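# Report on the structure
Read off the chains here:
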Amino acid sequence: MKTPHLILSGATVYPIIAEPIRDGAVAIGDDRILAVGRSEAVEALAGTTTQVVRLPPGYAVLPAFHDSHQHLLSYVRSRTRVPLWDTFSIPALLERLRAAAERRPAGSWIVAVGHDQGRLAERRHPTLAELDAAVPAHPLLVYRACNHVALANSMALARAGVTPATPDPPGGRIERDDHGNLTGVLLEAAMSLAAGAVEAPAIDWQSGLRDAAREYHRRGIVAVGEAALGHVNGMRDVEIVADAIRGGGIGLRMYVLAYGAVAAQLLEAAEAGAWREVWRDDEWLRFGAIKYFADGTLGGGTAWLTRGYGDEPGNRGFPLLAAEELDARVLRAHRAGFQVATHAIGDAAVTMALGAYERALTVLPRSDHRHRIEHVEVIHPGLPECFARLGVVAAVQSCFTFWEEGDVTRLGPELAPWGHAWGALQRAGVVLANGSDNPVLPDFAPLQGIAAAVTRTAHNGRRIAPHQAIGLMDAIRSYTWGSAYAAFAERDQGALAPGRYADITVLGESLLDVEPERIARVPVVMTIAGGTVVYEQ
């Protein structure tokens with residue numbers, strides 16, 4: 001065995017694939033783990049050049065967190081826009097927009113992010129009249145936190161050429177009042193009508209990605225699933241992430257869920273038998289999944305449910321693709337050898353996605369496909385067992401339970417017990433791959449997601465369907481091994497064992513010894529990516 005360059009010892013070590021080790025240690029050589037065990041035995045491997053870091057016994061050493069579903073490029077872009085995450089009333093939101101307008105030349109675009117009517121005291125969107133009064137001299141586009149709904153003021157609608165006579169685009173809706181007048185609310189694909197007219201300043205992507213990586217490391221994250229590569233800049237997204245990520249450039253590993261033009265070119269290359277030559281993988285950047293959207297979001301009222309929304313009788317949301325179209329797309333990607341990842345939030349959309357997977361697997365059986373459903377926020381009896389029978393991964397975001405209480409409480413009495421049903425999925429034997437969907441939330445810390453999975457407690461103290469809680473070790477596993485499994489990377493990531501990547505997070509307290517209500521406040525004190533310390537408190 002080679003001599004380690006670094007040993008972490010003295011803390012509780014969580015291998016994930018074995019029981020936690022009190023007074024444990026991890027030895028690291030180059031970018032791999034050399035040994036895991038009791039401190040005395042591992043420290044005996046030290047050489048004259050080995051740095052031995054003796055951690056306090058109350059600390060914890062875990063595999064670095066793996067955010068299975070987030071949007072790194074969207075996060076970089078969002079940091080250039082007006083933030084509304086911390087506005088909790090319509091007057092506060094309007095004042096933030098008014099102040100932003102005062103700093104910009106008249107006629108220039110204002111784009112804001114992070115609006116969530118579920119966190120506003122009024123529990124509604126600002127009206128078109130309110131937006132026009134606050135920002136009368138600038139075109140304004142306000143994205144709801146989920147990025148599936150946007151609000152436009154009258155100047156923005158005029159710049160985009162949207163009038164009461166404009167037809168709804170496929171997969172989207174332009175909201176109108178009872179008299180046919182525009183409300184300024186654009187749903188799903190209708191957002192692109194206004195977004196296409198936005199004149200935005202250029203973004204320094206490489207600088208932005210380096211800054212973003214530091215925020216991920218500060219939260220203990222080293223690996224991510226890029227949940228819709230191609231969504232921001234089309235094919236240019238590939239060049240941007242390759243420049244930043246390949247070779248460990250920013251210290252983040254990325255597994256790509258390709259979308260739009262990127263997915264189309266990836267499929268064409270695969271069908272021509274040449275995609276591995278064109279789309280080169282390395283230890284940091286890998287391609288493997290094709291992404292589709294089956295519905296919208298709960299907060300936007302566009303997630304497709306089998307029952308009406310409890311606070312909006314008659315609305316069940318709607319599918320973004322017909323079942324036949326989703327079937328055809330899934331079969332094509334499946335036949336080409338890809339993993340398929342389908343965004344499905346409502347239980348009707350989840351049912352449709354599972355049906356598409358089952359039909360593809362009937363046509364062309366494949367034992368280790370690991371097809372995924374992203375979000376899975378609402379299910380109903382029988383669906384967990386269907387996931388398990390088909391071998392479908394549930395790529396969930398347990399942090400939604402904390403931050404988006406206003407979304408899941410929109411469900412009526414029949415579906416409310418099945419909102420964020422991580423417990424039912426876990427009990428059925430479904431692999432949970434946890435993530436954040438960053439940048440759709442005020443924060444994306446994995447420890448907040450772990451805490452919410454265990455306690456089911458929202459930001460306002462309300463407990464959401466507590467019978468759907470999962471255990472602490474299951475929650476940690478979902479943010480480590482489960483996410484690695486969903487990316488076909490569990491042999492290298494997601495656990496602490498010899499031969500795996502030395503991607504490690506050190507916490508200032510052992511989670512086994514912390515009250516569940518305090519999990520989210522445990523500090524990340526060190527993050528290691530590929531054997532290199534990338535963050536230290």
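## Here's the deal with the sheet that holds strand β14 (residues 253–258)
One open sheet holds the eight strands; their spatial order is β6-β13-β14-β15-β16-β17-β18-β19, and the pairing between them is parallel. Each edge of the open sheet carries a strand with a single partner, namely β6 (65–70) and β19 (432–434). On average, each strand axis in the sheet is tilted by 25° relative to the strand beside it, whichever way the strands run. Across four bridges, the pairing between β6 and strand β13 (residues 221–229) is parallel. Residue pairing across strands places D67 opposite V224, the latter belonging to β13. The strands touched by helix α11 (residues 323–335) are β15 (285–293) and β16 (339–344); relative to β15, the strand with the most contacts, the crossing angle is about 165°.

## Concerning the packing of aromatic side chains
Under the defined criterion, the tally for this structure stands at seven aromatic pairs. Between the aromatic rings of Y259 and F293, the centroid separation amounts to 5.4 Å while the plane-to-plane angle is 80°, which identifies the pairing as edge-to-face. Residue Y259 is located in the loop between β14 and α9 (260–271), and its partner F293 is located in strand β15; the two are separated by 34 residues in the primary sequence. A relative accessible area of 27% means that Y259 is categorised as partly exposed. Ring centres 5.2 Å apart and planes at 25° place the aromatic pair W481 and Y485 in the stacked group. On the criterion of helical spacing, the pair formed by W481 and Y485 is a turn pair, its members being four residues apart in helix α19 (residues 481–486). The class for Y485 is buried, based on a relative accessible area of 18%. Feature note: the residues Y75, Y216 and F444 constitute an aromatic cluster, connected by ring pairs. Geometry around W284 places R253 over its ring, the cationic atom sitting 3.9 Å from the centre. Lying over the aromatic face of Y501, R253 brings its terminal NZ or CZ to 3.7 Å of the ring centre.

## Here's the deal with unusual backbone geometry
A cis amide bond links N438 with the next residue in sequence, P439, at an omega value of 15°. Structurally, P439 is set in the loop between β19 and α17 (446–455). We note that D30 has phi near 55°; this positive angle belongs to a residue other than glycine. Tracing the backbone shows D30 in the loop between β2 (21–29) and β3 (32–38). One non-glycine residue, H420, lies in positive phi territory at about 50°.

## Overview of the state of the cysteines
Enumeration according to the criterion identifies zero disulfides in this entry. Here C146 stays free of any disulfide, with the sulfur of C399 as its closest cysteine sulfur at 14 Å. The exposure class of C399 is buried, given its relative accessible area of 1%.

What counts and what doesn't
Residues numbered from 1 in each chain as written. Predicted model: local features only at pLDDT ≥ 70, side-chain atom pairs only at ≥ 80, totals over all residues. Heavy atoms only, no water. Pairing = 2+ DSSP bridges. Helix = DSSP H or I, 4+ residues; strand = E, 2+ residues; numbered from the N terminus. Axes fitted to C-alpha atoms, helices over the stretch in contact; angles between N-to-C directions. Contact = heavy atoms within 4.5 Å. Phe/Tyr/Trp six-rings, centres within 6.5 Å; stacked < 30°, edge-to-face > 60°. Buried < 20%, exposed > 50% of the residue type's maximum accessible area, 1.4 Å probe, protein only. Lys NZ or Arg CZ within 6 Å of the ring centre and 35° of its normal. Disulfide = S-S within 2.5 Å.

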